[in-house]
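Commentary on secondary and tertiary structure
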Amino acid sequence: MSATAGASVPNRTREYLVMLVVMVVLTILEVAVALIPGHASWTVVLLLALALAQAVYFALYTMHLSRETVALRRMAAGPGLIAALYGLVLIAEAAWRHLR
Amino acid sequence: MTTAHAHVHPQITARWPPDAQFGRTSSAKLAMWIFLLSDWLSFAGLLLAYGILRAGSAVWRHPGEPGLNVPFTCLLTLVLIASSISVIVAHDSAQAANRQRTMLWLGITALGGVLFLTGQYAEWFGILHPGLTHEGLVFGRSAYASTFYVITGFHGLHVTAGVIYLLAVLARTARGVASAGEVELVALFWHFVDLIWNLVFVLVYLVPTGGGG
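Residues numbered from 1 in each chain as written. Chains lettered and ligands numbered in written order. Predicted model: local features only at pLDDT ≥ 70, side-chain atom pairs only at ≥ 80, totals over all residues.

1. A few points about the overall build of chain B
This is how the line gets drawn: A run of H or I in DSSP counts as a helix once it spans at least four residues, and a run of E counts as a strand once it spans at least two, with each numbered from the N terminus. With C-beta atoms placed from the backbone, the exposure class of a residue follows from how many other C-beta atoms lie within 10 Å of its own: 20 or more, buried; 12 or fewer, exposed; in between, partly exposed.
Counting its secondary structure elements, chain B contains eight helices and zero strands. Order of helices (α) and strands (β) in chain B, N terminus to C terminus: α-α-α-α-α-α-α-α. Burial statistics for chain B: of 213 residues in total, 38% are counted as buried.

The structure is reproduced here in structure tokens:
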């Protein structure tokens, strides 16, 4: 290895195991929610909330955004928020057309 | 400049003072983030189009079209999640200058990607059992079929690119020329591929199940 190699790296096995467990538990929760019989709309809302939580956890911890500077975090959050806003506008428009 | 300095590796000499906004983040890492964010917008476009089509359809899955195999795909999702952890271990090993361990974990991560792709191939075309294409899920016949193949196919291309990228970094590590920064970049790409898959899994596989198909 070259460049930055050789630095003393702390043992993070426990941290990685926690990450793995959180991700696996979230995935199993998503499958469980999808299989629970009930009101379809609430199932979708719950699934989207779980998927969003998993994506944020992924970005912050496995992609180490939580250790990056505020500027980089803001830069990464921007396109995510834009897509979410666009989605909300489209959903609101669809709901308006449906109610009209 | 002395003779000793003239032979120093350029990656070591290029140490700039920390940037006011981005600290010691390298330009390569910033470039990777910008690429990932633009790639995210491509996926966001596909997923939003899927959502609009799905919400606007009175019947999403037409008679004769097969459902998706959620338990099998859940297993593939867990493989990708595990590979995301293994690539973090590879990055840590690279930072500790442990070449053998870096190669091992990069190899395990690439294997995870190959397993995922094999699973996706089996789902589409079938290996031990008939695939979706043989069961009546035909591209172009319905929005359900087309969005499924376009979204999972676009993601599959990313996994393929990720496996090639991982193997390229592994080869460079074996030759002793890869830096820990390079391993970090491939790890970022691989995490992104995994993050996107979790969204695809929920929206494409689970929402139709929850919504009654």
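2. Overview of the environment of Ser26 of chain B
Residues and elements named next belong to chain B. Mapped onto the fold, Ser26 is located in the loop between helix H2 (10–13) and helix H3 (27–56). Assessed through the 18 C-beta atoms surrounding it within 10 Å, Ser26 is described here as partly exposed. Separated by 155 residues in the primary sequence, Ser26 and Gly181 place their C-alpha atoms 8.4 Å from one another.

3. Some points on helix H1 (residues 13–35) of chain A
To keep things clear, this is the line we draw: Between the first and last residue of a helix there are one fewer steps than residues, each counted as 1.5 Å, and that sum is the expected span.
Taking 1.5 Å per residue, 23 residues should reach 33 Å; H1 of chain A reaches 33 Å between its end C-alpha atoms and fits that length. Inspection of H1 of chain A places Met23, Thr27, Glu30, Val31, Val33 and Ala34 of chain A among the buried residues, and these make up the whole buried set.

4. Description of the domain arrangement of chain A
Condition: Segment limits for the domains were obtained from an automatic or database-derived domain assignment.
The domain architecture assigned to chain A consists of domain 1 (12–67) and domain 2 (70–100). For domain 1 of chain A versus domain 2 of chain A, the separation of C-alpha centres amounts to 20 Å.

5. Description of unusual backbone geometry
Phi angles above zero are rare outside glycine, and His64 of chain A is one such case at about 60 degrees. Of note, His64 of chain A is situated in the loop between helix H2 (40–62) and helix H3 (70–99). Since 15 C-beta atoms lie within 10 Å of it, His64 of chain A is described here as partly exposed. The phi dihedral of Ala97 of chain B is positive, around 60 degrees, even though this residue is not glycine. Tracing the backbone shows Ala97 of chain B in the loop between helix H4 (70–95) and helix H5 (99–125).

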